Amino acid sequence: MPKMKTHSSLKDRFKITGTGKVIRYKAYKNHLLSGKSSRQKRVLNTQPNLANGDYKRLQQGLANIKG
């Protein structure tokens, strides 16, 4: 059986911490930043953990991502 490959688009969208939790990135932080307040940009800078239900859905695609 061939090796499982990591889903290429998921490599850039998620990061695995040392303890195995999955970090996701927030939307609305890529362009048109001059129209957003400093507070909004600061809040968007944080990177929350992925919810457990979402992690179960993505587990196969994230199988080979290293921390």
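Residues numbered from 1 in each chain as written. Predicted model: local features only at pLDDT ≥ 70, side-chain atom pairs only at ≥ 80, totals over all residues. Heavy atoms only, no water.

### Examining the environment of Gly35
Phase 1: For Gly35, the position within the fold is in the loop between strand S2 (22-24) and helix H2 (38-45).
Phase 2: Spatially, the C-alpha atom of Gly35 lies 28 Å from that of Lys15, the residues being 20 residues apart in sequence. (Helix = DSSP H or I, 4+ residues; strand = E, 2+ residues; numbered from the N terminus.)

### Let's talk about the side chain of Lys36
Phase 1: By secondary structure assignment, the location of Lys36 is in the loop between S2 and H2.
Phase 2: One polar contact links the side chain of Lys36 to the main-chain carbonyl oxygen of His31, over a distance of 3.3 Å.
Phase 3: Setting aside its immediate chain neighbours within four residues, Lys36 contacts Tyr28, His31 and Lys41. (Polar contact = N/O pair within 3.5 Å; in protein donor to acceptor, adjacent residues only side chain to side chain. Contact = heavy atoms within 4.5 Å.)

### Observations regarding the nonpolar core
A general trend in soluble globular proteins is that nonpolar side chains are found buried together.
Phase 1: Counting residues in hydrophobic clusters, the biggest one holds seven residues: Leu10, Phe14, Ile16, Val22, Leu50, Leu58 and Leu62.
Phase 2: Residue contacts for Phe14: discarding those within four places in its chain leaves Val22, Ile23, Arg24, Tyr25, Leu50, Leu58 and Leu62. (Core = buried A, V, L, I, M, F, W, Y, C linked by side-chain atoms within 4.5 Å. Buried < 20%, exposed > 50% of the residue type's maximum accessible area, 1.4 Å probe, protein only.)

### Describing the pattern of salt bridges
Pairing between side chains of opposite charge can happen when their charged atoms approach one another.
Phase 1: Tallying each qualifying case throughout the model produces one salt bridge.
Phase 2: The partner of Asp54 in a salt bridge is Arg57, and the shortest N-O contact between them spans 2.9 Å. Of the two residues, Asp54 and Arg57 are both situated in helix H3 (residues 52-58); the distance of three residues between them amounts to about one turn of the helix.
Phase 3: Note on Asp54: relative accessible area 28%, which makes it partly exposed. (Salt bridge = Lys/Arg side-chain N within 4 Å of Asp/Glu carboxyl O.)

### Quick notes on the environment of Leu58
Phase 1: Take Leu58: it is sitting in helix H3.
Phase 2: Leu58 sits in the buried class, given a relative accessible area of 19%.
Phase 3: Here the alpha-carbon distance between Leu58 and His7, two residues 51 residues apart in the chain, equals 9.6 Å.
Phase 4: Excluding its chain neighbours within four sequence positions, the residues that come into contact with Leu58 are Leu10, Phe14 and Leu50.

### Some remarks on unusual backbone geometry
Phase 1: Its identity is not glycine, yet Tyr28 carries a phi of approximately 70°, on the positive side.
Phase 2: Mapped onto the elements of the fold, Tyr28 is located in the loop between S2 and H2.
Phase 3: In the Ramachandran plot, Leu32 falls in the positive-phi region, its phi being about 60° despite a non-glycine side chain.
Phase 4: Among the structural elements, Leu32 can be located in the loop between S2 and H2.
Phase 5: For Leu32, a relative accessible area of 64% translates into the label exposed.

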